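# Chains, contacts and geometry: an overview
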Amino acid sequence: MSRAVPGPHPLTPADLPAGDEWWRGCPTCHLPIQGGSAGLAAHRRTIHTHRGDPRTPITVQLNY
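In short, a report on the structure.

### A few points about the overall build of the protein chain
Check the secondary structure of the protein chain and you find one helix and two strands. The order of helices and strands in the protein chain, counted from the N terminus, is β-β-α. Out of the 64 residues in the protein chain, the part that is buried amounts to 16%. For the protein chain, contacts bridging at least 24 residues in sequence account for 12% of all contacts bridging at least 6.

The following block contains the structure:
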């Protein structure tokens, strides 16, 4: 379970600092991230850690 970092967290595009984008993609894994630079920083802290990517890859085989 992830823990929120203390401090303000932007919740809407209007809450973001001037010049920050609400939506962006992670340059490492190319997932869409919301919340501007704060959202991207939170994504990097929880997904791209020194222990590696904790997500479980899923393979779906479609046989027609």
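From this point, the discussion proceeds with the structure in view.
### Description of unusual backbone geometry
For His30, which is not glycine, the phi torsion reads 65° and is therefore positive. Tracing the chain through its elements places His30 in the loop between strand E1 (23-25) and strand E2 (32-34).

### Observations regarding a nonpolar patch on the surface
A contiguous nonpolar surface patch, about 610 Å² in accessible area, is contributed by Ile58, Val60, Leu62 and Tyr64. Residue class for Val60 comes out exposed when judged on its relative accessible area of 61%.

### Description of helix H1 (residues 36-46)
Every buried residue belonging to H1 is among Gly36, Gly39, Leu40 and His43, and all of these are buried. Mapping the buried residues of H1 onto a view down its axis gives an arc of 100°, with all of them on the same face.

### Digging into the state of the cysteines
All told, the structure shown has zero disulfides when counted by the stated rule. No disulfide involves Cys26; its sulfur sits 3.7 Å from that of Cys29, the nearest cysteine. For Cys29, a relative accessible area of 22% puts it in the partly exposed group.

Calculation criteria
- Residues numbered from 1 in each chain as written.
- Predicted model: local features only at pLDDT ≥ 70, side-chain atom pairs only at ≥ 80, totals over all residues.
- Heavy atoms only, no water.
- Helix = DSSP H or I, 4+ residues; strand = E, 2+ residues; numbered from the N terminus.
- Buried < 20%, exposed > 50% of the residue type's maximum accessible area, 1.4 Å probe, protein only.
- Contact = heavy atoms within 4.5 Å.
- Patch = residues over 30% accessible without salt bridge, like charges linked within 9 Å, V, L, I, M, F, W, Y side chains within 5 Å.
- Areas by Shrake-Rupley, 256 points an atom, 1.4 Å probe, with all protein chains shown as cover.
- Salt bridge = Lys/Arg side-chain N within 4 Å of Asp/Glu carboxyl O.
- Arc of directions from axis to C-beta.
- Disulfide = S-S within 2.5 Å.

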